[in-house]
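# A closer look at the structure
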Amino acid sequence: MFSSVEFRTAMRNVPGAVSIVTTGTRPGRHGLTLTAGCSLSTEPSSVLVCVNKSAGAHDTIKQSGSFCWNILAADHAALAQKFAGKDGSKGDIRFSEALWRELATGSPSLVEAVCSFDCHLSDSYDAGSHTIFVGAVVAQATNGDREPLVYVRGEFTVPRR
């Protein structure tokens, strides 16, 4: 058997796209940084994100029934740190340093994201310390010319072409 520390150490070697999941409307907006998100299906278009139950956004996603999955660009490392709570900020104040818009659900969409997927919550699954939220994509925005931000081995990086 291995420990949770050993598991976390091994997982640091798995690169992940850095994203911010947002939910709620002003002044009750919430968001968090995560790398645990992916596409789920193309028919119907859906994604999944894994959110820690202790995150401020967790209960708001459940209550509002929507979220936006924003894939961060290479120049968004400081924003990722802010939404990870590294500066101690919480809630709506985290949205003060970037341009946000609403697509279909009212959840905040990052204007300069590589891409954003605005979702109605279609299902959720208990998964230990996290909840897996499945979102039916109802709107999206893409800035395909932007380089994505990746997290691996405890650092932000940009994939080489």
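Residues numbered from 1 in each chain as written. Predicted model: local features only at pLDDT ≥ 70, side-chain atom pairs only at ≥ 80, totals over all residues. Heavy atoms only, no water.

In the annotation of an unreviewed UniProt entry, the entry for the chain reads Flavin reductase, and the organism field reads Bradyrhizobium jicamae. As stated in UniProt under Sequence similarities (unreviewed entry), the record for the chain gives "Belongs to the non-flavoprotein flavin reductase family." (UniProt positions renumbered as here; feature names shortened; annotations may be inferred.)

## Here we look at the pairing of strand S9 (residues 115–127)
Across six bridges, the pairing between strand S6 (residues 66–71) and S9 is antiparallel. Each residue of the ladder has a partner; that of Cys68, found in S9, is Asp118. Here S9 pairs with strand S10 (residues 130–142) via 12 bridges, running antiparallel. What sits directly across from Tyr125, in S10, is Ile132. Where S9 folds back on S10, the antiparallel hairpin that results is connected by two residues, among which Gly128 adopts a positive phi of roughly 65 degrees. (Pairing = 2+ DSSP bridges. Helix = DSSP H or I, 4+ residues; strand = E, 2+ residues; numbered from the N terminus.)

## Some words on the UniProt feature "domain: Flavin reductase like" (unreviewed entry) in the chain
Mapped onto the present numbering, the UniProt feature "domain: Flavin reductase like" (unreviewed entry) falls on residues 11–158. The span residues 11–158 shows a helical share of 11% and a strand share of 47%, and its end C-alpha atoms are spaced 18 Å apart.

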